[in-house]
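# Survey of secondary and tertiary structure
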Amino acid sequence: MSIITELAQQAKQAARKLAVLDESQKNAVLTDMAAAIRANKDKIIAVNEKEVARAKENNLDEAMIDRLILDDERIEAMAEGIEVIVELDDPVGKERVFGTRPNGIEIKKMRIPLGVVCMIYEARPNVTADAGALCFKSGNAVILRGGKEALDTSLAIAELMQDTLEKHNLPKALVTVVPNPDRALMQELMEQRDYIDVIIPRGGEGLINYVTDNSKVPVIQHFKGVCHLYVDSDADLDNALEILLNGKTQRTGVCNALEGLVVHQAIAGDFLPRVAQAFKEHNVKVHVDSKGSEYFEGADVIDESGYGEEYLGLEIAIRVVDDFDGAIDHIAQFGSNHTEVICTKDKEKAKLFQRAVDASVVMVNASSRFSDGSQLGLGAEIGIATTKLHAYGPMGLESLTSEKYLVNGEGQIRQ
């Protein structure tokens, strides 16, 4: 038996033991996991620093290195994320009445775990803690296959979580990190449909496409984040500028960073000179259409073929549109169903934007950086689904469950 089949079988068996735990038992385990991560932060950082140094020696791009780095603040955020999950209601076992049939049979639906979740991701060691905690609270075992760049850090975090599980007399197979980054093992993971219930890839577009094209296990897709800010004709331009700079410059190597700016032509002459000055101060490279190019010195002038890029750096694509409908059309053509933002004072137009735009998160007068599980009250997220089966947007506890029917009768038979 291969190591992957063995890990998958063990996870399946472990998930059955987790299914019978009540919420208080789960919360006790998670509280201890958070404490273990916090108490061992120096050990985690020591391992992580070696991986970061190796990544720099191998000339990994800045976005990848940013995702790889763990420091005191990010480790504390991991621990706090787990503690927030403790405070959230456990969806497992929640029932809702579906109806009563004319023959008296009562129909309910009950929330149940998906079973075994497999995460395939790149240089994001924090995913180990987030996914492990979310899956545990929602009753799922999780198999984590991270990139080689963060393998040692992920193993260090997983070991702390596994030690906690064993202290509570639970199988450590509930949180498993594949110890070898060999791509052949990833392919084998994607063939374990007898033991793995769903695969969630999280990373670059190439990884997502590879998993989607090759997996025999159902895939929840988390494609790239080409997020736009549309500044409408009646927007508060001070607020719009703050939202733009926060979305573009606060942290560039993340999927909820802004990659596109769409501006109504009526305010382009007032707004874009301010944007140009701010971007010059922040060293943001600008790609802009011919209408907006006059406001930017040394910008890259582009046509339609230049839009739709996920830069993950200090770059942005700008377009001036004739009207509101032009903005909607641009987003429909070049967005990635991740997060879209409008700045406007018109409440009716804001509502129309939120209804018309097809994205998993649609915001009004707020930064795209809030498109995040922790910021939306989920505690943490296992990813941001950009397709609609079965989840859309940041995936928290409820997104890691399904429903089954409960049918209660008193001896009825079908005629």
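Residues numbered from 1 in each chain as written. Predicted model: local features only at pLDDT ≥ 70, side-chain atom pairs only at ≥ 80, totals over all residues. Heavy atoms only, no water.

### Section: the overall build of the protein chain
Note the threshold: Numbering goes from the N terminus for both helices and strands, where a helix is a DSSP run of H or I of at least four residues and a strand is a run of E of at least two. Atoms counted for the radius of gyration: C-alpha only. Globule rule: 2.2 Å times residue count to the power 0.38. Note on exposure labels: buried denotes an accessible area under 20% of the residue type's maximum, exposed denotes more than 50%, and partly exposed covers the range between, all computed with a 1.4 Å probe on protein chains only.
For the protein chain, the helix and strand inventory stands at 13 helices and 16 strands. On C-alpha atoms alone, the protein chain measures out to a radius of gyration of 23 Å, which is about the 22 Å that the 2.2 N^0.38 rule sets for 415 residues. Across its three principal directions, the C-alpha atoms of the protein chain cover 70 × 65 × 35 Å. Residue burial in the protein chain is summarised as follows: out of 415 residues, 52% are buried.

### Here we look at helix α5 (residues 72–87)
To be explicit about the condition: The span you would expect from a helix comes to 1.5 Å times its residue count less one. Working note: the arc is built from the helix axis to C-beta atom directions. Pairs of residues are marked as contacts when any of their non-hydrogen atoms sit within 4.5 Å.
The first and last C-alpha atoms of α5 sit 23 Å apart over 16 residues, in line with the 22 Å expected at 1.5 Å per residue. Within the sequence span of α5, burial applies to I75, M78, A79, G81, I82, I85 and V86. Buried residues in α5, looked at end-on, bunch into an arc of 155 degrees, giving them a common side. In α5, the exposed positions angled more than 90 degrees off the buried face are occupied by E73 and E87. On its buried side, α5 packs onto α2 (23–39), α3 (41–57), α6 (126–137) and α7 (151–167).

### Concerning unusual backbone geometry
The residue after L389, namely H390, is reached through a cis peptide bond having omega -5 degrees. In the Ramachandran plot, N59 falls in the positive-phi region, its phi being about 60 degrees despite a non-glycine side chain. Locating N59 in the fold gives a position in the loop between α3 and α4 (62–68). Here L312, not a glycine, exhibits a phi torsion of approximately 55 degrees, which is positive.

### Regarding the pattern of salt bridges
As a reminder of what qualifies: A carboxyl oxygen of Asp or Glu within 4 Å of a side-chain nitrogen of Lys or Arg is what we treat as a salt bridge.
What the rule picks out here adds up to 21 salt bridges. Close ionic contact of E76 with R38 constitutes a salt bridge, the shortest N to O distance being 3.0 Å. Note that E76 is positioned in helix α5 and R38 in helix α2, a separation of 38 residues in sequence. Owing to a relative accessible area of 29%, R38 belongs among the partly exposed residues under this scheme. Two residues, E381 and R202, come together in a salt bridge whose shortest N-O distance is 3.6 Å. Taken together, the residues E381 in the loop between β13 (361–364) and β14 (384–385) and R202 in strand β6 (residues 198–202) connect sequence positions 179 residues apart. Residue class for E381 comes out buried when judged on its relative accessible area of 7%. Classification of R202 as buried rests on a relative accessible area of 11%.

### Some points on the sheet that holds strand β11 (residues 315–321)
In plain terms, the rule: Here a strand pair is declared whenever DSSP counts at least two bridges between the two strands.
The 7 strands are arranged β10-β9-β11-β8-β7-β12-β13 in an open sheet whose pairing can be described as parallel. Here the strands that pair on one side only, and so sit at the sheet edges, are β10 (300–301) and β13. For strand β8 (residues 258–264) and β11, the ladder comprises 5 bridges, and the chain directions are parallel. If you follow V262 over to β11, its bridge partner there is R319.

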